[in-house]
Amino acid sequence: MYRSIIAALVLATVAVPTARAQDASGALTVQLSGLEPQGAVMIQIFASETAYAAGQAASAQRVVVDGATEEARFEGLAPGQYAVRLFHDVNGDGRFNTNPFGIPTEPFAFSNNARGTFGPASWSQAAFALNAGENTQAIAVGGGQ
Amino acid sequence: MIARRELLAGAAAAGALAAAPAAFASESPWGLGVENAPVDGYAPAAMRRVHGRAPRGLEGSLYRNGPGWFRYGASSTGHWFDGDGFIQRFAIADGQARHSGKFADTLKRRIEQQRQEIVFPGFGTRGVRGAPVQSPDDINAANTSVMMAGGELWALWEGGSPTRMNPETLETIGIRPFREDLAAMPFTAHPKVEPNGRIWNIGAYGQRVIIWRLAANGVLEDAQVIDVGSRSYLHDWAVTERHLIIPLQPWVHDRMTAPMVDGYTWHGDQPFRIVVLDKNDYSNRRTYELPAMFYFHTGDAWEDSDGTIRFDLCASPNAHFVTEQARTMLQQDGGETPSAELALAVLHPDGRAELQRSGIHGEFPQTDRRRQGLARDLVVIANDREVSTLGLMNWRTGASDSYRFGAGQMVQEHLFVPKPGASGERESWLVGVTLNERERATEVHVFDAASISDGSVVTWRSRYAAPLGFHGTWRGA
């Protein structure tokens, strides 16, 4: 039941170059909280439901975690619907770790702080409107626990 | 159960229900036992001695765990097994008993209390659409048993980690994985503790089983995953000095559906398989077969010098209790399932297996834990249904002894507690709990294992009826 989220988070961690800045482009600041200060957070953003399902990120960043809160900024994004997903690579091995039964052992989260049931949040749960100018998503990593 | 229903009807006629919580009108025949406990639990309070005198030398605490919260108004769990873990302590000292209780502070409980509704899916509960579940420990109810390890009290579930608690205050410390890469692995509510303190346990997921080996202080020594070849419902197991025994009943999880219990199918035409593993080499296995039967609980196991393995279990003809009654009991009378029969499975060195039936019925089998994995005679069971009886079987002599509490007493698990300075099995007390529906009160009883038909040595009664529990542990003073 966890296979889909593992695939989703392991694949496509290589950043695709961000879209060229345009006059009416938007910027997204991802504010992360609830972090254990170690390792790094791997963040991906998606520009469509199809890309989200296929794990084809529009952009990705790796943010080293030094404190309980961190920020990542994505620029030059065309306005539209987006979703963010991330995992906290606590041990810094570059992988989304799971236990022997395939259950994630590292925190993961989505935009809108959406949480799936025994799997990733759906596009409809995680999608948000990105407008021209400044946009913010505040995400509690491992939220609720 | 008829007696219980009549009792309730009588009480209603007398207007006694007027003062009862509204939810009691659910008319569950299990009535008081499946009502919500107070949200903050019970502060330590003296119990009233209603019979006998406390035996000299009995000092310590009986800790018990079981589901203690079932509903928020009309929002109800779908199965007895999904209630929030409620830990009760019966502390006996200086000839007196004190009762206290507190909920395990789980993520599930925190969120549901905040939202005032049942949110999470469970064994027999569907949960709300889109319930936020990222790990089995997000739905860990910590509601099935308790054990002491490393000075902590662990509230055990079946599908996830132990929840660590302070044994004095019953405050929850939290979940801490045995090892980071083993977070959220299942750890059943039936660990087996060798006489030297070493702890064995298993956890099942599909047809794979993790075998845990912990030091006496609860620190992980080893964990290995094996494939047992069947997705059988695996609630309890058994351990001898040299072997691990994993019974695989023909109640099999063969469909992914919600709630989980609906994904199991009873295959009455298939055998009850028993996999026996060498403690030192899990690849060294033998498999035995018995006719189809259902079980929740084993007693304990031992092996003879010729290699014959014996373990007691409570056997039912099918899975009706878990699929039907344990869900409907929360709402209405779901009919009556006969109690399981105590039996002894005998696994011969030549590969044959047989089942020796005792003729006495009940559940929650308990043995003298000083003899874990070793030859012994006695096993005690509680019959909480037809006859409200505590039964003690002697496998060596074939004789049984019993005490009948009478109608309106729901008899729960009783534990062997060694008498100070004594080593014999019969030189033990049996300490356990009943829910006295007539008195609307929880009682703790102490029997002498040598003569349980004489009745309890001492009985204390609380001022209230606490929810039924499943399993417990005794911690000597």
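What you are looking at is a predicted structure, and each value in this text was computed from that prediction instead of being measured.

The rules behind each value
- Residues numbered from 1 in each chain as written.
- Chains lettered and ligands numbered in written order.
- Predicted model: local features only at pLDDT ≥ 70, side-chain atom pairs only at ≥ 80, totals over all residues.
- Heavy atoms only, no water.
- Pairing = 2+ DSSP bridges.
- Helix = DSSP H or I, 4+ residues; strand = E, 2+ residues; numbered from the N terminus.
- Axes fitted to C-alpha atoms, helices over the stretch in contact; angles between N-to-C directions.
- Contact = heavy atoms within 4.5 Å.
- Buried area = accessible area lost by both parts, 1.4 Å probe.
- Salt bridge = Lys/Arg side-chain N within 4 Å of Asp/Glu carboxyl O.
- Polar contact = N/O pair within 3.5 Å; in protein donor to acceptor, adjacent residues only side chain to side chain.
- Nonpolar A, V, L, I, M, F, W, Y, C, P; charged D, E, K, R; others polar.
- Buried < 20%, exposed > 50% of the residue type's maximum accessible area, 1.4 Å probe, protein only.
- Lys, Arg positive; Asp, Glu negative; His and termini not counted.
- Phe/Tyr/Trp six-rings, centres within 6.5 Å; stacked < 30°, edge-to-face > 60°.
- Lys NZ or Arg CZ within 6 Å of the ring centre and 35° of its normal.
- pLDDT = per-residue confidence, 0-100.
- Core = buried A, V, L, I, M, F, W, Y, C linked by side-chain atoms within 4.5 Å.

Asks: Just to check I follow, could you spell out the sheet that holds strand β9 (residues 152-156) of chain B for this structure?
Replies: The pairing of strands in a sheet comes from backbone hydrogen bonds and takes either a parallel or an antiparallel form. All names here are of chain B. The four strands lie next to each other as β8-β9-β10-β11, forming an open sheet whose pairing is antiparallel. For this open sheet the edge positions go to β8 (145-149) and β11 (172-174), each flanked by a neighbour on one side alone. Taken over all neighbouring pairs, the strand axes of this sheet differ in orientation by 35° on average, direction set aside. Direction of pairing for β9 relative to strand β10 (residues 163-165): antiparallel, over a ladder of three bridges. Each bridged residue has a counterpart across the sheet, and for Trp 154 the counterpart in β10 is Arg 164.

Asks: Mind showing me how you'd approach the interface of chain B and chain A here?
Replies: In many reports, interface size means the accessible area that the parts give up when they come together. Counting residues at the interface gives 27 residues for chain B and 19 residues for chain A. For the pairing of chain B and chain A, the buried interface totals around 1,800 Å² over both sides, and the portion due to carbon and sulfur atoms is 59%. Taken as a group, B:Val133, B:Gln134 and B:Tyr205 account for 37% of the area that chain B buries against chain A, more than any other trio of residues on that side. For the pair chain B and chain A, the interface holds one salt bridge. Across the pair A:Arg115 and B:Asp138 runs a salt bridge, and its minimum N-O distance is 3.6 Å. Where chain B meets chain A, there are four residue pairs in polar contact (both at pLDDT 80 or more). Mapped onto the side of chain B that touches chain A, the elements with two or more residues apiece are α2 (107-115), β13 (199-205) and β14 (208-214) of chain B. The residue makeup of the side of chain B that touches chain A, split by class, is 18 nonpolar, four polar and five charged.

Asks: Looking at this structure, how should I read unusual backbone geometry?
Replies: Among all residues except glycine, the phi angle is most often negative; among peptide bonds, the trans geometry is most common. Cis geometry is found at the peptide bond from B:Ala258 to B:Pro259, where omega equals -5°. Although it is not a glycine, A:Asn112 adopts a positive phi angle of roughly 65°. Examined against the element boundaries, A:Asn112 turns out to sit in the loop between β6 (108-110) and α3 (123-126). Phi is positive for B:Gln116, close to 55°, though the residue is something other than glycine. Within the secondary structure, B:Gln116 sits in the loop between α2 and β8.

Asks: What should I look at first to understand the environment of B:Ala238 in this one?
Replies: The residue B:Ala238 is located in strand β16 (residues 238-239) in this model. For B:Ala238, a relative accessible area of 0% gives the class buried.

Asks: Even after reading the chapter, I still don't get the pattern of salt bridges, so can you show me in this structure?
Replies: Oppositely charged side chains may form a pair once their charged atoms are brought near each other. Residues and elements named next belong to chain B. In total, this model carries 31 salt bridges over all chains according to the counting rule given. Here Arg 357 makes a salt bridge to Glu 341, at a shortest N to O gap of 3.1 Å. Of this pair, Arg 357 sits in strand β25 (residues 353-361) while Glu 341 sits in strand β24 (residues 341-347), placing them 16 residues apart in sequence.

Asks: Any chance you could explain the side chain of B:Asp222 here in plain terms?
Replies: Residues and elements named next belong to chain B. Tracing the backbone shows Asp 222 in strand β15 (residues 220-227). Buried and without a salt bridge, Asp 222 has Arg 213 as its closest oppositely charged side chain, separated by 4.5 Å. At 3.0 Å, the side chain of Asp 222 forms a polar contact with the side chain of Gln 224. The residues touching Asp 222, leaving out its near neighbours within four places in the chain, are Ile 211, Trp 212, Arg 213 and Tyr 282.

Asks: Looking at this structure, I do not really get the packing of aromatic side chains. What am I missing?
Replies: Scanning all chains against the criterion turns up 36 aromatic pairs over all chains. Considering the side-chain rings of A:Phe108 and A:Phe110, the 6.2 Å spacing of their centres and the 85° angle between planes classify their relative orientation as edge-to-face. Ring centres 5.8 Å apart and planes at 70° place the aromatic pair B:Phe81 and B:Phe296 in the edge-to-face group. Of this pair, B:Phe81 sits in the loop between β5 (75-76) and β6 (85-93) while B:Phe296 sits in strand β22 (residues 294-303), and the two are 215 residues apart along the sequence. B:Phe81 sits in the buried class, given a relative accessible area of 15%. Aromatic rings pair up to connect B:Trp80, B:Phe81, B:Phe123, B:Tyr233, B:Trp251, B:Tyr264, B:Phe294, B:Phe296, B:Phe321 and B:Phe470 into one cluster. The side chain of B:Arg109 reaches across the aromatic face of B:Trp69, ending 4.9 Å from its centre. One cation-aromatic arrangement involves B:Arg109 over B:Phe103; the distance from NZ or CZ to the ring centre is 3.6 Å.

Asks: Teacher, can you tell me more about α2(B) here?
Replies: In an α-helix, one full turn covers 3.6 residues, which means residues spaced three or four apart are oriented alike. Residues and elements named next belong to chain B. Every buried residue of α2 is listed here: Leu 107, Lys 108, Arg 109, Ile 111, Glu 112 and Gln 113. Residues of α2 that are buried in the fold lie against β4 (71-72) and β7 (96-103). Note on α2: the residue one or two positions beyond its end, Gln 116, has a positive phi of about 55°.

Asks: What is the right way to read the confidence of the model for chain A from this model?
Replies: Reading fine detail from the predicted coordinates is not recommended where pLDDT is low. Residues and elements named next belong to chain A. When the pLDDT values of chain A are averaged, the result is 86; 81% of them are 70 or greater. Here helix α1 (residues 3-10) stands out as the least confident element of chain A, with mean pLDDT 48; strand β7 (residues 128-130) is the most confident, with 98. Note that pLDDT drops below 50 for residues 4-22; the model gives that stretch 36 contacts with residues more than four away or on any other chain.

Asks: Got a minute to help me understand helix α3 (residues 320-328) of chain B in this structure?
Replies: With respect to burial, α3(B) is a largely interior element, seven of its nine residues being buried. Those residues of α3(B) that are buried are in contact with β18 (251-253) and β22 of chain B.

Asks: Explain the nonpolar core here, please?
Replies: Residues and elements named next belong to chain B. Of all hydrophobic cores here, the largest spans 32 residues; its most connected members are Ile 211, Ile 246, Ile 274 and Phe 311. Residue contributions to this core peak at five residues, all from strand β20 (residues 272-278). In contact with Phe 311, other than residues within four places in its own chain, are Ala 238, Ile 245, Pro 247, Ile 274, Thr 298, Asp 300, Ala 301, Ala 343, Leu 344, Ala 345 and Leu 347. Phe 70, Phe 81, Trp 251 and Leu 435 belong to the second-largest nonpolar core, a separate cluster that totals 25 residues.

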